[in-house]
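# Geometric and topological summary
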Amino acid sequence: MHEFSTAQQLVKTVLEVAESNQAKEVSEVEIDIGGLTHLSEEPLRFAFSIMAKGTLMEDAAIKIKYLPAILRCKKCRSEKKVNVEPSEMYGALVDFKCRGCGAREAEIDGDTSCIVKSIKVKK
Ligand SMILES: [Zn+2]
């Protein structure tokens, strides 16, 4: 599952940072998820809780923020930001109506990365 491999990488990153800072505990982790990663929040949180068990970040608060994806009108190229969960993305595409020219066809653009934005630790 995509969510598990992503969570595994993120947990590894967090623990490396925490250990190199001699942290006793990780209290908070902020994660930015690009609008096009196709990662859903619930499975990702579930994966985190499993991966983090028994580690320094077991009790960390995980803050997940989705970055907007962009719907770009195929006709006039005007862009509209959409901030929705991956499962709703195609609905947004189907419902698209360009504010500029009224066209119904758009392409999706956006970020596919997933990064640890900040880590708070207790020493
Ligand atoms: Zn348009």
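Note that the coordinates shown come from a computational prediction; the quantities given were computed from them, not determined experimentally. (Residues numbered from 1 in each chain as written. Predicted model: local features only at pLDDT ≥ 70, side-chain atom pairs only at ≥ 80, totals over all residues.)

### A short note on the domain arrangement of the protein chain
Along its sequence, the protein chain is organised into domain 1 (2-67 + 113-122) and domain 2 (69-109). Centre-to-centre separation of domain 1 and domain 2, based on C-alpha positions: 30 Å. Tallying the contact residues gives seven residues for domain 1 and six residues for domain 2. (Domains from an automatic or database assignment. Contact = placed C-beta atoms within 7 Å.)

### Let's talk about unusual backbone geometry
With glycine set apart, most residues show a phi of negative sign, and most peptide bonds adopt trans. Positive phi, close to 50°, is recorded for Gln 22, a residue that is not glycine. Looking at the element boundaries, Gln 22 is found in the loop between helix 1 (2-20) and strand 1 (25-33). (Helix = DSSP H or I, 4+ residues; strand = E, 2+ residues; numbered from the N terminus.)

### Thoughts on the confidence of the model for the protein chain
Across the protein chain, the average pLDDT comes to 92, with 99% of residues at or above 70. Mean pLDDT values for the elements of the protein chain range from 82 in helix 3 (residues 86-94) up to 96 in strand 1. (pLDDT = per-residue confidence, 0-100.)

### Quick word on the sheet that holds strand 6 (residues 114-122)
Backbone hydrogen bonds are what pair the strands of a sheet, in a parallel or an antiparallel way. Read from one edge to the other, the open sheet built from three strands follows the order 2-1-6, with strand pairing classed as mixed. Either end of the sheet is taken by a strand with one partner, and the two such strands are strand 2 (61-66) and strand 6. Within the sheet, the average angular offset between the axes of one strand and its neighbour, ignoring direction, is 15°. Bridge analysis of strand 1 against strand 6 gives eight bridges, and the strand direction is antiparallel. Its bridge partner lying in strand 6, Asp 32 is registered against Ile 115. Packing against the sheet, helix 1 makes contact with strand 1 and strand 6, and its axis sits at approximately 40° to strand 6. (Pairing = 2+ DSSP bridges. Axes fitted to C-alpha atoms, helices over the stretch in contact; angles between N-to-C directions.)

### A closer look at the sheet that holds strand 3 (residues 69-73)
Strand order in this open sheet of three strands is 4-3-5, and the pairing throughout is antiparallel. Because the sheet does not close on itself, it has two edges, and the strands there are strand 4 (79-82) and strand 5 (106-109). Ignoring which end each strand starts from, the neighbouring axes of this sheet average 25° apart.

### A closer look at the nonpolar core
Within the largest apolar cluster, 19 residues are counted, with the highest numbers of intra-cluster contacts made by Ala 7, Val 11, Val 14, Val 26, Val 29, Phe 48 and Met 57. Of all elements in the fold, only helix 1, strand 1, helix 2 (41-52) and strand 6 reach the threshold of two or more residues within this core. Discounting residues that sit within four places of it in the chain, Val 11 has contacts with Phe 48, Met 51, Ala 52 and Met 57. (Core = buried A, V, L, I, M, F, W, Y, C linked by C-beta atoms within 7 Å. Buried ≥ 20, exposed ≤ 12 C-beta atoms within 10 Å, placed from the backbone.)

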